[in-house]
Structure formats: C-alpha cells, structure tokens
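Here is how the chains run, residue by residue.
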Amino acid sequence: MNSMTGFGTASVRTKMVEVTVTVKTVNGRFLEVKPHIPRIYQGFESDLKGQLKKEFRRGTVDCYIQRKVLEDHDTELIVQKDVASQWMKAFKTLSKDLKLPMDVNVERVATLPDVVTVLQSDSVSAAEKKAFQQCLKKAIDNTGKERAREGAALKKHLTQLLKSLSTSLKSIEKKTEGLKQEHQDRLHSRLEGLLQDGNLEESRLAQEVAILVDKSDVGEE
C-alpha cells in the first residue's frame, strides 16, 4: 500500500557539473507531470516525462532539476579586434579634441561593449546526460520509498480503525438482541391496551406495528 504523497531528492557530481533532482508527488485524481528544468536540459523533457509517467499512475508530480557548473570547458571567448581598434581611435580623437591625456589600458578596452563576447555551448556531454539519468532514477526511487513508508503507516492506522469498528459492531449486535425482545414486549403491551379499549382497527394496528418496527431497526446506524 503506497501513499500518493511523496518526496525524494538525489544529487550527482562530476568534474564539470553538479546536478540535483527533486521529485514531489501529491494526491490527484489524474496523472499530471510538471517538469521544472534548465534550458539546456529541454531536449530531455520528453524522456523525463515518459519515465515519470512509467513510475507514477496518478496524482500531480513535480520534478525540479538544478544544474550547477563547476568547471566549464565549453566556454569560448571571441575577441573583436576591429571593434577594439575603433574604440581606440575614438579615444585618441576625443583626447586630442579635449586636449586631455589618454589613459587607457587593455583591461579597460576588454570591458567595452562588443569587444569580448562569451559563448557557451548548449550541448550536454554524454557523461553529463548519463549522470543526470542516474540522478533522476535515484530521486524517483527515493520518492517511491517515502510513499511506501507513508503508505505502511496509513495501512497500520486504517487496520487499527477497522479493528475498533469491528469490536464496536459486535458490541452493538449483542445489545440489539435484547432490544428486539424489548420492542416485541412493548408491541404486545400496546396491542393489549387497544384490545381492552375495544378500539382495535386494522389501520391503527398496522400503524403501530410500522412505527415499532422502524424504531427497532438499527441496521442503518
């Protein structure tokens, strides 16, 4: 017996990245999968949903993925030398026109717009993809363990309630045995009263019997 509420997380670390996957499930009539993933992992979204749908049949499933770059080997710096030269010419002209000394170093030029462009690859290495898949599986397994743990606790509680209800039912059944005889005695007493009054009509008799029978029936309760 599994609970529909669960939570599981897992992390994996490689030389280049650290990936953390968190899966959270809550009660729901139908299955609804909600992935929350970095842009670079969008290509994995379809497979991710498929794996989650395979493991969970109902409820709302949120999957959060965090990716932290530890060592980026795919970053490339593009230096626009022509742009830097145009900036320097502009500085020289401005220095001459304003009759001010030109104090510009290479670090200052590198920070100017469009001089240096940082490019990062949008591709994920095979090693990182494998690590992500392992992390996802572990997070799903941890969620399943939590759902099973909570389900076992619920089963234990429900079993105790059923035992308590069974005990109460037996006690009620025992009490109703005497209650039936009590109502029969009351019925006879009323019938005798009607007979003594000489006013025993069939409709009145049926009415009295119906009332007593209805009161004596505790099955619904």
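Residues numbered from 1 in each chain as written. Predicted model: local features only at pLDDT ≥ 70, side-chain atom pairs only at ≥ 80, totals over all residues. Heavy atoms only, no water.

Caption draft 1: Layout of unusual backbone geometry. Phi angles above zero are rare outside glycine, and Lys99 is one such case at about 55°. Along the chain, Lys99 turns up in the loop between α2 (81-98) and α3 (106-110). Of note in this structure, Asp114 is not a glycine but carries a positive phi near 70°. Looking at the secondary structure, you find Asp114 in the loop between α3 and β6 (116-120). On the accessibility criterion, Asp114 (56% relative accessible area) is exposed. (Helix = DSSP H or I, 4+ residues; strand = E, 2+ residues; numbered from the N terminus. Buried < 20%, exposed > 50% of the residue type's maximum accessible area, 1.4 Å probe, protein only.)

Caption draft 2: Broad picture of the state of the cysteines. Taken as a whole, this structure holds 0 disulfides when the rule is applied. Unpaired in terms of disulfides, Cys63 finds its nearest cysteine sulfur in Cys135, a separation of 9.1 Å. Exposure remark for Cys135: the relative accessible area of 2% places this residue in the buried category. (Disulfide = S-S within 2.5 Å.)

Caption draft 3: Up close: the nonpolar core. In this structure, Val19, Val21, Val23, Leu52, Cys63, Ile65 and Phe132 are the most contacted members of the largest nonpolar core, which totals 22 residues. For this core, the secondary-structure elements that each account for two or more residues are β1 (6-13), β2 (17-26), α1 (45-55), β4 (59-69) and α4 (126-197). Element by element, the count of residues in this core is highest for α4, at 6 residues. Not counting residues within four places of it along the chain, the set of residues in contact with Val23 comprises Gly6, Phe7, Gly8, Phe56, Val61, Asp62, Cys63, Ala139, Ile140 and Thr143. Residues Ala84, Val109, Leu112 and Val115 belong to the second largest nonpolar core, which totals 5 residues. (Core = buried A, V, L, I, M, F, W, Y, C linked by side-chain atoms within 4.5 Å. Contact = heavy atoms within 4.5 Å.)

Caption draft 4: Summary view of the side chain of Glu128. Inspection of the secondary structure assignment puts Glu128 in helix α4. Here Arg67 takes part through its side chain, which lies 2.5 Å from a polar atom of the side chain of Glu128. Other than its neighbours up to four places away in sequence, Glu128 contacts Val17, Tyr41 and Arg67. (Polar contact = N/O pair within 3.5 Å; in protein donor to acceptor, adjacent residues only side chain to side chain.)

Caption draft 5: Region of the structure containing the side chain of Thr60. One can find Thr60 in strand β4. Here Thr60 is in contact with Lys24, Thr25, Val26, Glu32 and Lys34, once residues within four sequence places are set aside.

Caption draft 6: Structural context of the sheet that holds β1. If you trace the 4 strands from one edge of the open sheet to the other, you get β1-β2-β4-β3, paired in mixed fashion. On the outer flanks of this sheet lie β1 and β3 (31-36), each paired with one strand and no other. Neighbour-to-neighbour, the strand axes of this sheet turn through a mean angle of 10°, independent of strand direction. Summarising the sheet, β3 and β4 pair through 6 bridges and their orientation is parallel. Of the residues in β4, the one forming a bridge with Leu31 is Gly59. Running at roughly 140° to β3, α1 makes contact with β3 and β4 of the sheet. (Pairing = 2+ DSSP bridges. Axes fitted to C-alpha atoms, helices over the stretch in contact; angles between N-to-C directions.)

Caption draft 7: Fine view of the packing of aromatic side chains. Per the stated rule, a full pass over the model turns up 4 aromatic pairs. Taking 4.9 Å as the distance between ring centres and 45° as the angle between the ring planes, the aromatic pair formed by Tyr41 and Phe132 counts as tilted. One end of the pair, Tyr41, is in the loop between β3 and α1; the other, Phe132, is in helix α4, with 91 residues separating them in the sequence. In this structure Phe132 comes out as buried when scored by relative accessible area, which is 3%. Judged by centre distance (5.5 Å) and plane angle (20°), the rings of Phe44 and Phe132 are stacked. Taken as a pair, Phe44 in the loop between β3 and α1 and Phe132 in helix α4 lie far apart in primary sequence, 88 residues in all. Residues Phe44 and Phe132 agree in their burial class; the two are buried. Feature note: the residues Tyr41, Phe44 and Phe132 constitute an aromatic cluster, connected by ring pairs. (Phe/Tyr/Trp six-rings, centres within 6.5 Å; stacked < 30°, edge-to-face > 60°.)

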